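# Coordinate analysis (summary)
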Amino acid sequence: GGVVTNRKFTILIQNLLATPLISQASPVTVNEAAEVSVPGLSVTSDAGFLQVSLSLRNNSSGLIRLNPGDAGQTLIMLAGTAAEVNTELAGLIYTAAQETGAFADTLMITADDGTVTAVNTVSITVNDIPELTVNEPLVLNEGDSAAITPVFLQTTQEEAGPPVYTLAGVPV
């Protein structure tokens, strides 16, 4: 045979290819024709330089932008250190299109440090907001009363269920 020797030794594993990390932003809900901030989105990486893309799904009717004065887009590319990218991400705004109805959108975030790529998504729910049409006038003499029926509260869109109306105040 051979000689068998038992010895203890240490193996050191270094993290040479640290993956960029994308924080999980909470799902976002917005009404159609409105905008909302996308909070909680950030990247971390041991690499000195990152390329980050923010993109909406192919058939999205929404837009994203980083600053209030920017034009909305479906794709935004960022590059820089994690701190520089996070400064830009802090201003991320999603704008839902007008008259699109309710739909689910997805924002995909990709971070690439030149060696490793990380991907994460944010779910976006757009609510359909019905609008009141020109309804029948309700005219009453002082002291009279009348029921406000659906003929007085018609909407421009078909809804899955009956709309809920809230009386914000009464005339004095």
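Preceding this paragraph is the structure being described.
What counts and how
- Residues numbered from 1 in each chain as written.
- Predicted model: local features only at pLDDT ≥ 70, side-chain atom pairs only at ≥ 80, totals over all residues.
- Heavy atoms only, no water.
- Helix = DSSP H or I, 4+ residues; strand = E, 2+ residues; numbered from the N terminus.
- Buried < 20%, exposed > 50% of the residue type's maximum accessible area, 1.4 Å probe, protein only.
- Contact = heavy atoms within 4.5 Å.
- Areas by Shrake-Rupley, 256 points an atom, 1.4 Å probe, with all protein chains shown as cover.
- Polar contact = N/O pair within 3.5 Å; in protein donor to acceptor, adjacent residues only side chain to side chain.

Counting its regular elements, the chain contains 1 helix and 10 strands. Ordering the α and β elements of the chain from the N terminus gives β-β-β-β-β-β-β-α-β-β-β. Within the chain, the fraction of its 172 residues that count as buried is 28%. Of the contacts formed within the chain by residues at least 6 apart in sequence, a portion of 62% connects residues at least 24 apart. If you sum the accessible surface of the chain, you get close to 11700 Å²; carbon and sulfur atoms cover 55% of it.

Right, let's talk about the side chain of Ser60 for a bit. Relative to the helices and strands, Ser60 resides in the loop between strand E5 (50-56) and strand E6 (63-65). According to the relative accessible area criterion, Ser60 is buried, its value standing at 14%. Here the side chain of Ser60 touches Gly62 through a polar contact of 3.0 Å, landing on its backbone nitrogen. Filtering out sequence-adjacent residues up to four positions away, Ser60 remains in contact with Tyr94 and Asp105.

Purely geometric numbers; function is a separate question.
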